[in-house]
Amino acid sequence: MTGFARQSGEAPQSAIAWVWELRSVNGKGLDVRFRLPNGCEALEQSARKMVGTHLERGNVQAALTVSGDALSPVPMVNDAALRTVLETVGKLENEHSNLAPTSAADVLALRGVMEMANTQSTALADTLPTEALLASFGQALIQLVEMRATEGASIANALNGQLNMVADLHIAAVEEPSRATEALQRRLQEQMARVSANTIELDEDRLHQEIALLATRVDIQEELDRLAAHIDAARALLASDKPVGRRLEFLAQEFNREINTICSKSHSTALTEIGLELKVVIDQFREQALNIE
């Protein structure tokens, strides 16, 4: 499920402020990735465990941004570069007496002599407010879970609607007149009549045998019974307050298995059309099941 959360905080004693941003998108498993500033790497292990206690599926990205006066870059002299420049200046002045005197400002303005050193990593490692940062992360994680739950409730409504459609089509298949023995007998008699072209008399005993064989080959009662059981199981899962996404995906596969068998056994256009409608609805159900935890 998708979701977004943002949580800010600060630690006055260390003059550090921060912002957590959490994003999640659909995923078959749980994949958590962190983007942390240098010096904050120690937070990842604890934060990762926190995610694992709240979520079971989804691709989650967690980004931390920190700021503060202590983290601002400070100018520093590159001693090696300065020595090289001074040696070169001294040599030129000795060789060329007509050169203008070189000031300290001129030397410091040369590229490479002064550098802006980023002391963020060291400052954070020394003053990192670990507990406050993890508490703030926990608040952002709760926001993310709540947003995902809201989306999950909407998806659950859609899944229940699709299950109702499956149930209606199941009833239509159960009540389809072409499944009746009388309909099978009529169909076989018509086929035999076309084959014989009314030139031979049909053997009633053989006809009854063929009807029995045909009824056995095209009987879909077991598939319809299993389909009804899958509908009940799916409804029970959707009523649960536990993660059910993976089990719903498995049920969608079982739905398709029964429907494919029904279509392969179908001996009437009406029953085939019902089977094809079922396949469309189950495909939609499976796609939605991928979006929930």
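Residues numbered from 1 in each chain as written. Predicted model: local features only at pLDDT ≥ 70, side-chain atom pairs only at ≥ 80, totals over all residues. Heavy atoms only, no water.

Engineer: What is the right way to look at helix H1 (residues 43-54) in this model?
Structural biologist: Two residues of an α-helix separated by three or four positions point the same way, owing to the 3.6 residues in each turn. The end-to-end C-alpha distance of H1, which contains twelve residues, comes to 17 Å, matching closely the 16 Å that a straight helix rising 1.5 Å per residue would cover. If you check which residues of H1 are buried, you get Leu43, Ala47 and Val51. End-on view of H1: buried residues confined to an arc of 60 degrees, all on one side of the axis. In this structure, H1 carries Gln45, Lys49 and Thr53 as exposed residues pointing more than 90 degrees from its buried face. Residues of H1 that are buried sit in contact with strand E2 (16-25), strand E3 (30-35), strand E4 (58-67) and helix H5 (130-174). (Helix = DSSP H or I, 4+ residues; strand = E, 2+ residues; numbered from the N terminus. Expected span 1.5 Å × (residues − 1). Buried < 20%, exposed > 50% of the residue type's maximum accessible area, 1.4 Å probe, protein only. Arc of directions from axis to C-beta. Contact = heavy atoms within 4.5 Å.)

Engineer: Just checking my understanding: could you explain the environment of Thr53 for this structure?
Structural biologist: With respect to the element layout, Thr53 can be found in helix H1. Separated by 2.7 Å, the side chain of Thr53 and the backbone oxygen of Met50 make a polar contact. (Polar contact = N/O pair within 3.5 Å; in protein donor to acceptor, adjacent residues only side chain to side chain.)

Engineer: Honestly, the side chain of Gln162 in this entry has me stumped. Any pointers?
Structural biologist: Here Gln162 is to be found in helix H5. Note on Gln162: relative accessible area 10%, which makes it buried. Those residues in contact with Gln162 that lie beyond four places of it in its chain are Val281, Gln284, Phe285 and Gln288.

Engineer: I'm lost on the environment of Lys265 in this one. Help?
Structural biologist: Topologically, Lys265 is positioned in helix H9 (residues 245-265). Sequence-wise, Lys265 and Asp219 are 46 residues apart; in three dimensions their C-alpha atoms are separated by 7.3 Å.

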